[in-house]
Structures are given as C-alpha cells and as structure tokens.
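# Reading the structure
Single-letter residue listing:
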Amino acid sequence: MRKSHPLRRIVLATAATVSGVVLLLSLKPASGPASAAAGTAPQQTAAGQESPQGGTRPAGAATGTVTGDATQTQYGTVQVRLTVAGGRITQAQAVQAPKGGLSDQKTAMAVPRLNQEAVAAQSARIDAVSGATYTSNGYKKSLQSALDRMKPSAGSSAGTPSASSSGSTAGSSAGSSSSGAAQARTVTGKVAQTPYGPVQVRITVKAGKVVQASAVQAPKGGLSDQKTAMAVPKLNQEAVAAGNASIDAVSGATYTSTGYRQSLQSALDQAGG
C-alpha cells in the first residue's frame, strides 16, 4: 500500500496537468477573435462621426443674426430681426408686430412689404406702407437699431488693415467717420399741451439739417386716434422738408398741428437750429 501511494499521486498530477493544458488551448482561440472584433468596431463608429461634424461647421460659421430694439407704437410693439451674410442683409423679419382686431390685417399687409424693402435697400431708408404708418415707423426704428449693432463688428474688421498700412491714412479715415457720427444728434422737444392731449416731437439733426422727425406723444383715444394717424405722418414729412417749424397745419387736426409745431420749435432751439 505504501508503494502504490506515490504512483497514484504521479498519475493524478499528470492528469491534472494535461487537463489544464487542454483548457488553456481551448480558451486562447476564442479570446483572440473577440478582441480583434472589439478593436475594429470603435474605429468604424469614430470614422462615421467625423464626416458629419466636418460638414456642418462651415455652414454655421457663415451666417449671423441681429435683433433690433423693441419699439413701442400706439398699437403695439414692433421688433425686427436681421440675418446677415458677408456684411449684407439676406433676410428681415418682424419677430414682434401689432396684433388684435384691425391690427392683424394691417400687420399682415405691411410687414411682408417692409421685410422686402429692408433687404432691397440694405438700410432703414424705406417707405412707410400706406395705412400702417405707426407699424412702419416702429419697424424702421427697430431696423435702424439692428443695423447699428452691425457697425461695431464691421468697424473693427475695417480698422485692422488700416492700422497695418499707413498711420496717416488710418487717422484721417477714422477722424472723418467719427466726425460724421458726431454730427448726428437726436433731440426731443418739450411737451405741448392741447385740448385733446399732449404732443411731443423728436428730431434727428445731421450737418445742421433735420433728417428725421417723429411724434413720441400725440392725442389718442376715440376720434383723436383717427386725426393723429392722419396728421402726424404729414407733419413729420413737412418738418423734414422745411427744416424748421414753419409748417402748415393739417386740415381737421388744428390743435394737434399747433402742438406739434410748438414742440418742434423747442427741439430746434435745443439743437441750435
């Protein structure tokens, strides 16, 4: 019994070694292909993600959007948003406009035309739409504020090459642009009281001339709304054309016209005109 015991150990040890080798050989082929497949799959997904990212970047960098100030009118708020590409307006839209009742019809009539004119003119010098004067004036003011926000970026890009070239030419061009901007002034006249409500006029003066006039206050309510809508646009045009307060009263709106002229004169006095 003592002699046979070591033989049993040898036999058992040999059997264990053989079974271990067999197990190792059976495991290695299975792990090899799995690891190779796992290594190729991430490379394919990574390659699939690169192409769409590269395709969307140039398109996103080519377009900019600028939103003007919200302008209050007697019938509601007007706010204009511009899409700009290469320094040019490619699209204009009113993100806010008067609504409710008759305003819905006027907005639907006026805003598409104003959008087209803004793109065509590339400025705020566009005609008011007949029958929607307040909406048109509010549109132009918001449009101008959006255009003003475009100027600093254009000025900075234009200033870089001039600084690198000639100092004298850069100084002269900068001086002329700054002096041109300094000549434009906006002045608001005193409030003129009338039997139907206050009238207050605001003017923009450039190089000693009235380039824009608007009534920031005017009689409203009841019949006054109709008279104000009829008279104020004419008075604004006459103020710009005459360059002074010697303008004709609008028939049927005598009190409004008188108040307008008084406030206009006080604005001209402040402007030194």
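Scroll up to find the structure.
Residues numbered from 1 in each chain as written. Predicted model: local features only at pLDDT ≥ 70, side-chain atom pairs only at ≥ 80, totals over all residues. Heavy atoms only, no water.

### Focus on the overall build of the chain
Our working definition: Helix numbering and strand numbering both begin at the N terminus, where a helix is a DSSP run of H or I of at least 4 residues and a strand a DSSP run of E of at least 2. Burial status follows relative accessibility: with a 1.4 Å probe on protein chains alone, a residue under 20% of its type maximum counts as buried, one over 50% as exposed, and anything between as partly exposed. Here, two residues are considered to be in contact whenever any of their heavy atoms come within 4.5 Å of each other. What sets the accessible areas is the Shrake-Rupley method with a 1.4 Å probe; for residues, cover comes only from the shown protein chains.
Summing up its helical and strand segments, the chain has six helices and eight strands in all. Reading the secondary structure of the chain in the N-to-C direction produces α-β-β-β-β-α-α-α-β-β-β-β-α-α. Per-residue burial for the chain yields a buried fraction of 27% across its 273 residues. A separation threshold of at least 6 residues defines the contact pool for the chain, and within that pool the share at least 24 residues apart is 42%. For the chain, the exposed area adds up to about 16700 Å²; of that, 57% sits on carbon and sulfur atoms.

### Points about the side chain of Ser224
Its place among the elements puts Ser224 in helix α5 (residues 223–242). Beyond its immediate sequence surroundings of up to four residues, Ser224 is in contact with Tyr196 and Pro219.

### A few points about the packing of aromatic side chains
Quick reminder of the rule: Between rings of Phe, Tyr and Trp, where Trp is taken as its six-membered ring, a pair exists when centres lie within 6.5 Å; planes separated by under 30 degrees are stacked, by over 60 edge-to-face, and by other angles tilted.
According to the stated counting rule, one finds two aromatic pairs in the structure shown. Ring plane angle 65° and centroid distance 5.6 Å describe the contact between Tyr75 and Tyr134, whose orientation is recorded as edge-to-face. Of the two residues, Tyr75 sits in the loop between β2 (71–73) and β3 (76–85) while Tyr134 sits in helix α3 (residues 133–164), which places them 59 residues apart along the sequence. A relative accessible area of 16% places Tyr134 in the buried class.

### Observations concerning the packing of α5 against helix α6 (residues 254–271)
A pair of packed helices is characterised by two quantities: the angle between their axes and the separation of those axes. Cut-off, in case you're wondering: Comment: axis = line fitted to C-alpha atoms, over the contacting stretch for helices; angle = value between 0 and 180 degrees taken between N-to-C directions. Two helices that cross are described as forming a left-handed crossing if the nearer one is turned anticlockwise from the farther one by less than a right angle, and a right-handed crossing if clockwise. The nonpolar class holds Ala, Val, Leu, Ile, Met, Phe, Trp, Tyr, Cys and Pro. Asp, Glu, Lys and Arg form the charged class, and all remaining residues, Gly among them, are polar.
Where α5 contacts α6, the two axes come as close as 11 Å, and the packing angle between them is 35°. For the element pair α5 and α6, the recorded crossing hand is right-handed. Residues Leu235, Asn236 and Ala239 of α5 form the contact with α6, whose own contacting residues are Thr256, Ser257, Tyr260 and Leu264. Along the lines of polarity and charge, the residues of the contact of α5 with α6 split into four nonpolar, three polar and no charged.

### Considerations on the environment of Asn115
The criterion, for reference: N or O atoms closer than or at 3.5 Å make up a polar contact, with two conditions inside protein: a donor-capable atom paired with an acceptor-capable one, and, for residues adjacent in sequence, both atoms drawn from side chains.
Relative to the assigned elements, Asn115 resides in helix α2 (residues 102–121). Here the alpha-carbon distance between Asn115 and Ala94, two residues 21 residues apart in the chain, equals 7.6 Å. In this view, Asn115 contacts Ala92, Gln93, Ala94 and Tyr139; residues no more than four positions away in its chain are not counted. Polar side-chain contacts of Asn115 include one of 2.6 Å to the side chain of Tyr139.

### A look at the side chain of Gln200
Along the polypeptide, Gln200 turns up in strand β7 (residues 197–206). Among the polar contacts made by the side chain of Gln200, one reaches the main-chain carbonyl oxygen of Gly189 at a distance of 2.9 Å. Within the structure, the side chain of Gln200 is placed 2.9 Å from the side chain of Gln217, a separation counted as a polar contact. Not counting the four nearest positions on each side in its chain, Gln200 is found in contact with Thr188, Gly189, Lys190, Val191, Ser214, Ala215, Val216, Gln217 and Ser263.

### Thoughts on α5
Our working definition: Given a helix with a known number of residues, its expected span is that number minus one, times 1.5 Å. Across the chain, bend at a residue is computed as the angle between axes fitted to the seven residues ending at that point and the seven starting from it.
Given a rise of 1.5 Å per residue, 20 residues ought to cover 28 Å, and the 28 Å separating the end C-alpha atoms of α5 matches this to within 8%. By the largest-angle criterion, Ala231 marks the main kink of α5, which is about 25°, and a proline, Pro233, follows within four residues. Buried within α5 are the following residues: Ser224, Thr228, Ala231, Val232, Pro233, Leu235, Asn236 and Ala239.

### Quick word on the nonpolar core
We apply this condition: Each nonpolar core is a collection of buried residues, namely Ala, Val, Leu, Ile, Met, Phe, Trp, Tyr and Cys, held together in the definition by side-chain atoms within 4.5 Å.
Formed by 19 residues in total, the largest nonpolar core has its most connected members in Leu82, Leu114, Tyr139, Leu143, Leu147 and Met150. For this core, the secondary structure elements donating two or more residues are β3, β4 (88–96), α2 and α3. Per element, the largest residue contribution to this core is five residues, and it comes from α3. Those residues within four positions of Met150 in sequence are excluded, and the remaining contacts are Val66, Leu82, Val84 and Gly87. By size, the runner-up hydrophobic cluster in this structure holds 18 residues, among which are Ile203, Val210, Ala231 and Ala245.

### Some words on unusual backbone geometry
Its identity as a non-glycine residue notwithstanding, Gln122 has a phi of 60°, on the positive side. Among the secondary structure elements, Gln122 is positioned in the loop between α2 and α3. Gln122 sits in the partly exposed class, given a relative accessible area of 23%. Its identity is not glycine, yet Ala207 carries a phi of approximately 55°, on the positive side. Mapping Ala207 onto the fold places it in the loop between β7 and β8 (209–217).

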